[in-house]
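# Commentary on secondary and tertiary structure
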Amino acid sequence: MAGTVDFTREDVEAALGRSPWRRRESFVDEIDPESMADTAATYARAAAEAGDAGELAEAATRAGEDAARLDGKAVVDGAERIDATARGLQGNGADLDRVTGLLVRAMNRALDAVDEVNALVEGETGLDAYFTEQLARARREFAETPPLEAGAFGDDALPTPGAGGALSRPALIRLRHLTAVVDRAGETSREVGEAITQYRRRLAEYGAELGDLDYDVTDGPLGLWTTSGMAGFAADEISRELAAGSPDPEALRRHTETLAAIGLQLYDPLTGRPLSGSRLDAGQLAYLEDFYARLDARELAALGALAGGPLALDPARGAPLADALARVADGIVMLTDPAVGGGRDRLPAGALAFLGVNDDPELPPRDAGGLGRERFEDFGRLMDAASRPPAAELDRELRTQRTVVALWASHEAGDAGIEVRAEREAALRSAFAEMDPGARASFWSAHREALTDAGLLSAPPDRRYDEGAGAYDVAEPLVRDYALQAELEAGGTVAEALGYEDAAGLLDHYLDGSGSPLDVDVDSMLQDSAVVGRAVDTAVSAKREEWAREATEAFRESGGRPVAFPVRTGTRGFEFDDANWRLAMGHAELDVAGVVTVEPGPTGRPEARLDYQVNVWDRYNWDDGKVAKIGWMTFDNADIGRLHSTGLAQDYDVRGRSSVRRTPLPVDTPE
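Reference entry: report on the structure contained in this document. (Residues numbered from 1 in each chain as written. Predicted model: local features only at pLDDT ≥ 70, side-chain atom pairs only at ≥ 80, totals over all residues. Heavy atoms only, no water.)

## A short note on the packing of aromatic side chains
This structure, assessed with the given rule, holds 14 aromatic pairs. Seen in terms of ring centroids, F376 and W408 are 5.0 Å apart; in terms of plane orientation they differ by 75 degrees. Their pairing is edge-to-face. Here W408 lies in helix 17 (residues 392-413) and F376 lies in helix 16 (residues 373-384), a separation of 32 residues in the sequence. Per residue, the accessibility class of F376 equals that of W408, and both read buried. (Phe/Tyr/Trp six-rings, centres within 6.5 Å; stacked < 30°, edge-to-face > 60°. Helix = DSSP H or I, 4+ residues; strand = E, 2+ residues; numbered from the N terminus. Buried < 20%, exposed > 50% of the residue type's maximum accessible area, 1.4 Å probe, protein only.)

## Considering the side chain of R373
Locating R373 in the fold gives a position in helix 16. For R373, the side chain forms a polar contact with the side chain of E377, separated by 2.7 Å. With sequence-adjacent residues up to four places away left out, R373 is seen in contact with V405, W408, A409, E412 and R424. (Polar contact = N/O pair within 3.5 Å; in protein donor to acceptor, adjacent residues only side chain to side chain. Contact = heavy atoms within 4.5 Å.)

## Notes on the environment of P389
With respect to the secondary-structure elements, P389 resides in the loop between helix 16 and helix 17. Of the residues examined, P389 reaches a relative accessible area of 31% and is grouped as partly exposed. A C-alpha to C-alpha distance of 9.8 Å links P389 and M334, two positions 55 residues apart in sequence. With residues near it in sequence (within four places) discarded, P389 still touches G272, R273 and V333.

## Focus on a negative patch on the surface
A contiguous patch of negative charge, built from E489, E496, E501, D508 and D512, is present on the exposed surface. Secondary-structure elements contributing two or more residues to the negative patch are helix 20 (479-497) and helix 21 (501-511). Relative to the assigned elements, E489 resides in helix 20. (Patch = residues over 30% accessible without salt bridge, like charges linked within 9 Å, V, L, I, M, F, W, Y side chains within 5 Å. Areas by Shrake-Rupley, 256 points an atom, 1.4 Å probe, with all protein chains shown as cover. Salt bridge = Lys/Arg side-chain N within 4 Å of Asp/Glu carboxyl O. Lys, Arg positive; Asp, Glu negative; His and termini not counted. Charge placed at Lys NZ, Arg CZ, Asp CG, Glu CD.)

## Quick look at the packing of helix 14 (residues 318-335) against helix 16
When two helices pack together, their arrangement is given by the angle between the helix axes and by the axis-to-axis distance. Where helix 14 contacts helix 16, the two axes come as close as 7 Å, and the packing angle between them is 90 degrees. Classified by the interaxial angle, the pair formed by helix 14 and helix 16 is roughly perpendicular. Contact residues: helix 14 offers L325, V328, A329, I332 and V333, while helix 16 offers F379, L382 and M383. Class assignment of the residues belonging to the contact of helix 14 with helix 16 gives a composition of 8 nonpolar, no polar and no charged. (Axes fitted to C-alpha atoms, helices over the stretch in contact; angles between N-to-C directions. Parallel < 35°, antiparallel > 145°, perpendicular 65-115°, else oblique. Nonpolar A, V, L, I, M, F, W, Y, C, P; charged D, E, K, R; others polar.)

## Regarding the pairing of strand 7 (residues 606-620)
With 12 of 15 residues buried, strand 7 is to be regarded as a mostly interior element. As paired elements, strand 6 (residues 587-600) and strand 7 share 12 bridges and run antiparallel to each other. What sits directly across from V596, in strand 7, is L610. Turn length for the strand 6-strand 7 hairpin, with the two strands adjacent in sequence and antiparallel, is 5 residues, and the turn residue G604 shows positive phi of about 95 degrees. With 5 bridges joining them, strand 7 and strand 11 (residues 661-665) adopt antiparallel strand pairing. Considered in strand 11, the bridge of Y612 is made with R661. (Pairing = 2+ DSSP bridges.)

## Looking at helix 2 (residues 20-31)
Over its 12 residues, helix 2 extends 17 Å from the first C-alpha to the last, a length consistent with the 16 Å expected when each residue adds 1.5 Å. Among all positions of helix 2, only P20, W21, R24, F27, V28, E30 and I31 are buried. (Expected span 1.5 Å × (residues − 1).)

## Re unusual backbone geometry
In this model, D32 sits at a positive phi of 55 degrees, which is unusual for a non-glycine residue. By secondary structure assignment, the location of D32 is in the loop between helix 2 and helix 3 (36-49). Note on D32: relative accessible area 36%, which makes it partly exposed. Phi at D473 is positive, roughly 55 degrees, even though this residue is not glycine. Considering the arrangement of structural elements, one finds D473 in the loop between helix 19 (437-453) and helix 20.

## Regarding the pairing of strand 8 (residues 627-630)
On a regular strand, one side chain projects to one face of the sheet and the next to the other, so that they alternate. Only one face of strand 8 is covered, namely the one carrying A628 and I630; the face carrying V627 and K629 has none of its residues buried. Bridge count between strand 8 and strand 9 (residues 633-636): 4 bridges; the pairing is antiparallel. Pairing of V627 across the sheet is with D636, part of strand 9. Count of turn residues in the strand 8/strand 9 antiparallel hairpin: 2 residues, of which G631 carries a positive phi of about 60 degrees.

Shown next as structure tokens:
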């Protein structure tokens, strides 16, 4: 007879797409039940030596190194479980007794989970028994069923309905029993997964309780909390909490306990600085990498979003949430910190999606995953929650990321209100000023136009304006006010005819009564008025030596690499000399804002330049005690100002900025 009905475990695994057998083996290896009793014995001895709960793990490690003096059987009961009442595990003080009690429960819960998983696979009614039974049934069925007579389909073959082909009798028998085993294996796989999950949840609870007792779950010979399985479980539980839409801060804190414990092994809790000689060991590094491999960019951003949400403001829930967020951010810091054995190449993929200097001048920058600006902001909030300073390279990238987000936000502001635009301009200036000088030079080179369009070099937000004519629309207009309004409208036409186009435009805007800010052409102003040019030259000259000194020092500190830094002259007032602008504004304030860039020249010596923008502003109003002349027409300023008080006209802010200009700066080049 052709064919066979036999099938193997590998056949079941291939059909199922997963393996309950390998999952069981992996879990048993993780728990290592054979050594659990000896581990308990090390804690029994350590409890007698430790001064407090914080010293227990270290003492257990020392005890484990002297294994010849330990007897695991002394702490095991008749059911092969750790006996919490065994000598050495109790009677050492309240905190130590609580810690050892929790450790014993953790070990026994691990052993129970191993037994439960083993029973599902190897027990009397487990998967192995079912596999053996189905294989035997297949063989009996094949042996007891008489073969078919040879026919059109070949020896011992049956037609396959609807397929136009044939399936042998052995193949049909094999398929039926293999399918039964595959179904049972799928059920067993789910049950094994649930048993392991329940164990991990309980272990996480024990870990949180131990952490509250100052016991370091990552130290000592009991490594239950730092396994790859626990890392993946912790991250998956955090993902589950986030997906639920209303995460429990206590759950987030519980599932970040091991992150906190690893951090305490590496950093001074007071200063946040790396402890001398402390390095990530292989187990800690694997835990961190496994944990962050399970959290994608959107989940990291979702954690950051919690920092600015209602949970953070809840008095009862804010503290555990802050702990959890700090731990997740600190874990990224640890992975990338060379001082503790990390590195930039270990940056998790989820974090990498938000980081990296972008030299592409298009906006939005660095968003290959289509995450959107708000998620970039949320990731920044997550990293702001870190309790430890990031290493230089990560710090540089985080600062660049803040500027990317601020530029992006300004770019999206569009027609937003003045307050929104001013807020985003301020955020952009702050982020740009905090960048690493080298990264800032690259970013300025790539995004100069976008940065200036977004208001990086705009006038300072604390600029001052005259009070003008006082309150608006508080007096009833008189006949003479209406007459003056008509005369001024005619005066605007006269001013335009005389070539005073800017004066005419500003007067018309005053008379239309909107009170909205008006932009003026500062490039034309600089061309028309020598006074403005001299005011700019004076402002820059007053700072030139200081900026040159800063440029020299920054270049030296960078090791000769290009650097850039923002500068500003401060405010200066001036009176216009040009007739058009004198009639338009009379006087105004200006400042010069720019970016100094230093880079190696052709000979390798530093060369510096200033890219700058001139900002001008004033409050359009009419001061008492003066007169305005437009051709043959003369007006008293107080009368024009009264139109603001009656609501027939309205004062407003005048502002403007020049195009970006460039000038060289001297740089000291000591031999």
